[in-house]
Amino acid sequence: MGENYISCQAEKGSINISEEVITDIVKSVVGEVEGVAGLSYTAGTELAELIGLKTVSKGVKVQFVDGRIIVDVIINVMYGCNIVQVAREVQEKVMSMIQASTGLEQAEVNVHVSGISFDK
């Protein structure tokens, strides 16, 4: 398998999970967190380069390193919300869902807040 999969050895063979599956899980969880305006589709190129995003439009980067899942999420927060509280909730919910969905306890979730969204 390519490096875009995390592999788990099972009794009857291997189980391979695509990073796209993890990305989809992250996107659905982030959308449920109150105070998140959405994934940042217009993050600055410096931030994207810093965390190694190839395409900025996703807002999510997933890596598999030594059996661990490392997730970077770039979000916009609604004006008036506590930025740190919203980011922590994103972090906790993404971590919980990844662990529940994959059974892997070794996960790291980094949340990057790239902007504030104002009501129109």
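Located above this text is the structure these notes cover.
Residues numbered from 1 in each chain as written. Predicted model: local features only at pLDDT ≥ 70, side-chain atom pairs only at ≥ 80, totals over all residues. Heavy atoms only, no water.

Caption draft 1: Summary view of the overall build of the protein chain. Scanning the protein chain from terminus to terminus reveals 3 helices and 6 strands. Traced from its N-terminal end to its C-terminal end, the protein chain shows the element sequence β-β-α-β-α-β-β-α-β. Within the span of the protein chain, comprising 120 residues, buried residues form 38% of the whole. Of the contacts formed within the protein chain by residues at least 6 apart in sequence, a portion of 66% connects residues at least 24 apart. Surface summary for the protein chain: the accessible area is close to 7200 Å², and the carbon and sulfur share equals 48%. (Helix = DSSP H or I, 4+ residues; strand = E, 2+ residues; numbered from the N terminus. Buried < 20%, exposed > 50% of the residue type's maximum accessible area, 1.4 Å probe, protein only. Contact = heavy atoms within 4.5 Å. Areas by Shrake-Rupley, 256 points an atom, 1.4 Å probe, with all protein chains shown as cover.)

Caption draft 2: Spatial organisation of the packing of helix H1 (residues 19-30) against helix H3 (residues 83-102). Viewed as axis vectors pointing N to C, H1 and H3 meet at an angle of 140°, and their least axial separation amounts to 9 Å. By the angle class used here, H1 and H3 are oblique. Where H1 crosses over H3, the two elements pack in a sense that is right-handed. Contacts between H1 and H3 involve Ile-22, Ile-25, Val-26, Val-29 and Val-30 on the former and, on the latter, Val-90, Lys-93, Val-94, Met-97, Ile-98, Ser-101 and Thr-102. Residue composition of the contact of H1 with H3, grouped by class: 9 nonpolar, 2 polar and 1 charged. (Axes fitted to C-alpha atoms, helices over the stretch in contact; angles between N-to-C directions. Parallel < 35°, antiparallel > 145°, perpendicular 65-115°, else oblique. Left-handed = near helix turned anticlockwise from the far one by under 90°. Nonpolar A, V, L, I, M, F, W, Y, C, P; charged D, E, K, R; others polar.)

Caption draft 3: Main features of the pattern of salt bridges. This structure, assessed with the given rule, holds 2 salt bridges. We note a salt bridge from Arg-68 to Glu-108, for which the minimum N-O separation is 2.7 Å. Pair noted here: Arg-68 is in strand S5 (residues 68-78) and Glu-108 is in strand S6 (residues 107-117), with a separation of 40 residues, a long-range link. Note on Arg-68: relative accessible area 28%, which makes it partly exposed. (Salt bridge = Lys/Arg side-chain N within 4 Å of Asp/Glu carboxyl O.)

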